[in-house]
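# Examining the three-dimensional arrangement
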Amino acid sequence: MGQFLSSPQPEPPPWLTPVENVDQFIERFRSWFQNHLEKQQRDWFELLFTKFGSESESSPNAWSESDVVKILSITLPDELKPALTATGPVLFRCMTRLGSFPYHNLPTSNLTVDVALIALIILVRCNEEHGSAIADISYGDYGSEEKMAEWLRRILFQCMAIRAEPGEESNNPVDGEPERDPSDDEHLLSAHKFVVDGNTWRDWNGSPKLVHHGPPIIPAHRLPSSRSQDFSGHIPRNEFDPLIKLLLVNQLYSYDGGAEVLTRDSKQLDACVASILNAFPRPDEEPNLTWDSYNRILSSHLPYIFSGFTGLLAPLLANYGDSPEHSETLTKEEAMVLLRQPPPDPKFENIPTASILNPHILAQLLTFLPEARLGNPSALFSTPDGKFTLDVLRSRVPRRQPLGLLITGVASGPEKSSDRAPICFGAFLPEEGEDREDTYINEDLEQIPASVFKLRPTHWVSRSPASGVTVREDGNDRRMEIYFAGAGYGTAKLVLDEEARTVSYCPQTQNDRSGGNDSFRVSVVSLDLIGFPPAREVKFL
C-alpha cells in the first residue's frame, strides 16, 4: 500500500510562546491588549513614566500616588488641583487595580508602566475594539454605549473600593474539584477568550491561507478566579466626592476649551457639583459609599459620569506626532509644555449657549445623555422672561430630531418668590419614527431613553422608553401634557401652561427606578428648547 507523507508543521513565530501558568497568562494578555494603542501613544507614555516617576527603593520601576497626582496636576487648571490632591488615593488605587485586569479583585501589583497602560486603555477608550477584548462588547452594536457604561460602573467600584484583602487560601482549583460559577469568572473568561482568539498565525512564506494555532493555552478553570461578583468594601466619600468634580469638568473634553471654560466660573461649577452630590446620602450619614448606594445612584442618575476619565487621562496618551529621535531628547520641561496643550482636534469648536443652556448645564446633561451618540446640541427657541408659546413645541411634533427642554423657575406657591429656592429641570424627548421609504432611523440613537430630569437643587433622572412618550392637548391650545410611561418605569407627566406661565411635574406611579417621587409646580423664569442632530438620514436610492 502507498504511504502518505505529511508536510512538517511549520514552527510558530517566537512571540507565540507557551502559556502554562497564571504569570504567563497575564503577560500574554497585557502584551496583546496594549496593541490597542498606537506606537506613538505608548512611546509618549513610556517617556512620561520615566521622566515623572520618583525613584523609590521599594518600587524603583513603579509610580506612586504622588507621581500620579503630580503629572495630572500639570494638565489641570490651578482651581482643580485641591480636588485632584484629595482624590489622589482613589485614583491611584483605581489605576493600579484596573491595570491588573482580570485580577483587579485580587491583591494588586505595583503601578508599573504595563499596569498603567492597561488602565489607561480602558479608561480613555482610545480604541473602539478594546471593549470586545474585556467585556465582549463591540462598539457600534445596538446598545453598546449603555453596556460599556454598565460594565465600567461595576468594575470601577471594585477597583476604587477599600476592603479587606483575601486570605492566603488557594484559589487555584485542581482536577476533581467542583467547577466555579461562571459569573465569578466573568472577567477571567473574557480575558481568556481574548488570549485564545489571538493564539493563531499564518505562514506567509509557505501556505498563507492556512491558519495555524499556537501552543496550547492553559484552560481558564486552571487559573485563579477573577472573583467578578465581589462587591464588598466601600469608597471613602472624602476621596470620591472630589473625583465627581474632576469627572464633571472633563465631560466637555470633546469641546474646544472645555475644562478651562468650566473653571472660569467657580460659582456655577460648585453649584453643579453640589447638585450632583445632593443625589448621594450626606457624608455625615454615609461617610463610606457602599455598592448598593453607588450602583443605585449612578445607574439611575449618572450613567455616563465616568466618560470624564477620557479628558482627565487623555494627555498621558497623546499622540503629538514627534519622531522617536525627538522624544529621546525631549526634556522634562518640554514634556510639561506638551502636556498642557489642549486636544489637537476637538470634535466641537463651540459650546452651545442659550438662556439656560451653558457649559456647566451641558456638562451635567452629559452625565446621563451620551454625547458620543447625540452630538452637539443647538438652541431652537429661548426665552429669558418666562413668556413661552406652545406653538414652538407644537411645531416640533412629531419630532424629527431629539429635543431637550430646559426650564428654570421658582416653586409656585403663596410664598414670595424671593423666599423660594430656584429649580432647574427639563426633559429629553427622543426622535420619533416615521414610515417613509426615503428615510431610516439610526437604531443606536433611537434607543436612547426619554427622560425627565432635575439639575437644581438636586440632580435626579427618571427615564422611560422612547416609545413611552405621548403628547396630549385635549382641545386646549394653551396647555400641553407630555406623558412618560413604560412597563417597569412608572408613569409621569409634564404639564405646560402657557397662560399661567407654569410647568408642573406629576409622578403618577412610583417605583424604584424613578428619581423623582415628589411633584412640583414651577413659575417659569426661563425656557430653552434645544435640538440634537437627527438620527434620521436620507437614503440614496
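Residues numbered from 1 in each chain as written. Predicted model: local features only at pLDDT ≥ 70, side-chain atom pairs only at ≥ 80, totals over all residues. Heavy atoms only, no water.

## Re the nonpolar core
- Counting 121 residues, the largest nonpolar core has L156, M160, Y294, F306 and F309 as the members making the most contacts within it.
- Here the element with the most residues in this core is helix 5 (residues 113–124); it accounts for 10 residues.
- Setting aside residues up to four positions removed in sequence, M160 forms contacts with V90, R93, C94, R97, H234, I235, F240, L243, Y294 and F306.
- L393, I407, L429 and I482 belong to the second largest nonpolar core, which has 28 residues in total. (Core = buried A, V, L, I, M, F, W, Y, C linked by side-chain atoms within 4.5 Å. Buried < 20%, exposed > 50% of the residue type's maximum accessible area, 1.4 Å probe, protein only. Helix = DSSP H or I, 4+ residues; strand = E, 2+ residues; numbered from the N terminus. Contact = heavy atoms within 4.5 Å.)

## Side note on the environment of P224
- Within the fold, P224 resides in the loop between strand 2 (211–213) and strand 3 (235–236).
- On the basis of relative accessibility, which here comes to 15%, the residue P224 falls in the buried class.
- Each C-alpha atom, one on P224 and one on L188, is 8.4 Å from the other, the two residues being 36 residues apart in sequence.

## Here we look at helix 11 (residues 266–277)
- Relative to the 16 Å expected for 12 residues at 1.5 Å per residue, helix 11 spans 16 Å between its end C-alpha atoms, a close match to the ideal helical length.
- The set of residues buried in helix 11 consists of L269, C272, V273, S275, I276 and L277.
- Contact partners of the buried residues in helix 11: helix 9 (237–249), helix 10 (258–264), helix 16 (359–365) and strand 9 (450–456). (Expected span 1.5 Å × (residues − 1).)

## Description of the packing of aromatic side chains
- With the rule as written, the count across this model stands at 22 aromatic pairs.
- Taking the centre distance of 5.0 Å and the plane angle of 55 degrees together, the rings of F157 and Y294 count as tilted. Taken together, the positions of F157 in helix 7 (residues 144–160) and Y294 in helix 12 (residues 291–301) put the pair 137 residues apart, joining distant regions of the chain. In terms of burial, F157 and Y294 fall into one category: buried.
- Each ring, one from Y505 and one from F520, has its centre 5.5 Å from the other, and the planes form 35 degrees; the classification is tilted. Placement of the pair is Y505 in strand 14 (residues 502–507) and F520 in strand 15 (residues 520–531), with a sequence separation of 15 residues. Side by side, Y505 and F520 carry an identical accessibility label, which is buried.
- Aromatic rings pair up to connect F157, F231, F240, F280, W291, Y294, F306 and F309 into one cluster.
- Over the ring of Y483 we find R472; its NZ or CZ atom is 4.0 Å from the centre of that ring. (Phe/Tyr/Trp six-rings, centres within 6.5 Å; stacked < 30°, edge-to-face > 60°. Lys NZ or Arg CZ within 6 Å of the ring centre and 35° of its normal.)

## Topic: unusual backbone geometry
- In this chain, F101 is followed by P102 through a cis amide linkage whose omega measures 5 degrees.
- Relative to the assigned elements, P102 resides in the loop between helix 4 (81–98) and helix 5.
- Across the junction of R456 and P457, the peptide omega takes the value -5 degrees, indicating a cis bond.
- Although it is not a glycine, R227 sits at a positive phi angle of roughly 50 degrees.
- With respect to the helices, strands and loops of the structure, R227 is situated in the loop between strand 2 and strand 3.
- One non-glycine residue, R501, lies in the positive phi region at around 55 degrees.
- Summarising the element assignment, R501 is placed in the loop between strand 13 (490–497) and strand 14.
- Its relative accessible area of 35% is what places R501 among the partly exposed residues.

## Digging into the packing of helix 1 (residues 22–33) against helix 8 (residues 186–197)
- In contact at an axis separation of 10 Å, helix 1 and helix 8 are set at 70 degrees when each is read in the N-to-C sense. It follows from the interaxial angle that helix 1 and helix 8 lie roughly perpendicular. Of the residues in helix 8, those in contact with F25, R28, F29, W32 and F33 of helix 1 are L188, A191, H192, F194 and V195.
- Residue classes in the contact of helix 1 with helix 8 are distributed as eight nonpolar, one polar and one charged. (Axes fitted to C-alpha atoms, helices over the stretch in contact; angles between N-to-C directions. Parallel < 35°, antiparallel > 145°, perpendicular 65-115°, else oblique. Nonpolar A, V, L, I, M, F, W, Y, C, P; charged D, E, K, R; others polar.)

## What about the pairing of strand 9?
- Within strand 9, seven of the seven residues are buried, which leaves it mostly tucked inside the rest of the structure.
- Pairing of strand 7 (residues 422–429) with strand 9 involves five bridges; the strand directions are antiparallel. Residue pairing across strands places G426 opposite F453, the latter belonging to strand 9.
- Summarising the sheet, strand 9 and strand 10 (residues 460–464) pair through five bridges and their orientation is antiparallel. Bridge assignment links F453 to a residue of strand 10, and that residue is V461.
- The turn joining strand 9 and strand 10, which pair antiparallel and follow one another in sequence, is formed by three residues. (Pairing = 2+ DSSP bridges.)

## As for the packing of helix 2 (residues 39–52) against helix 15 (residues 332–339)
- Here helix 2 crosses helix 15 at 125 degrees, and the two axes come no closer than 11 Å. For the element pair helix 2 / helix 15, the angle class is oblique. The way helix 2 lies across helix 15 gives a crossing that is left-handed. Two secondary-structure elements touch here, helix 2 through W44, L47, L48, K51 and F52 and helix 15 through K332, A335, M336, L338 and L339.
- Grouping the constituent residues of the contact of helix 2 with helix 15 by class yields eight nonpolar, no polar and two charged. (Left-handed = near helix turned anticlockwise from the far one by under 90°.)

## A word on the side chain of T263
- For T263, the position within the fold is in helix 10.
- Judged by its relative accessible area of 6%, T263 falls in the buried class.
- Within the structure, T263 has its side chain in polar contact with the backbone oxygen of E260 (distance 3.0 Å). (Polar contact = N/O pair within 3.5 Å; in protein donor to acceptor, adjacent residues only side chain to side chain.)

## Some remarks on the confidence of the model for the protein chain
- Averaged over all residues, the pLDDT of the protein chain equals 82, while 78% of them reach at least 70.
- The low-confidence segment residues 511–515 (pLDDT under 50) makes 11 contacts with residues lying over four places distant or belonging to another chain.
- Scored below 50 in pLDDT, residues 536–541 makes 18 contacts in the model with residues more than four places away or belonging to other chains. (pLDDT = per-residue confidence, 0-100.)

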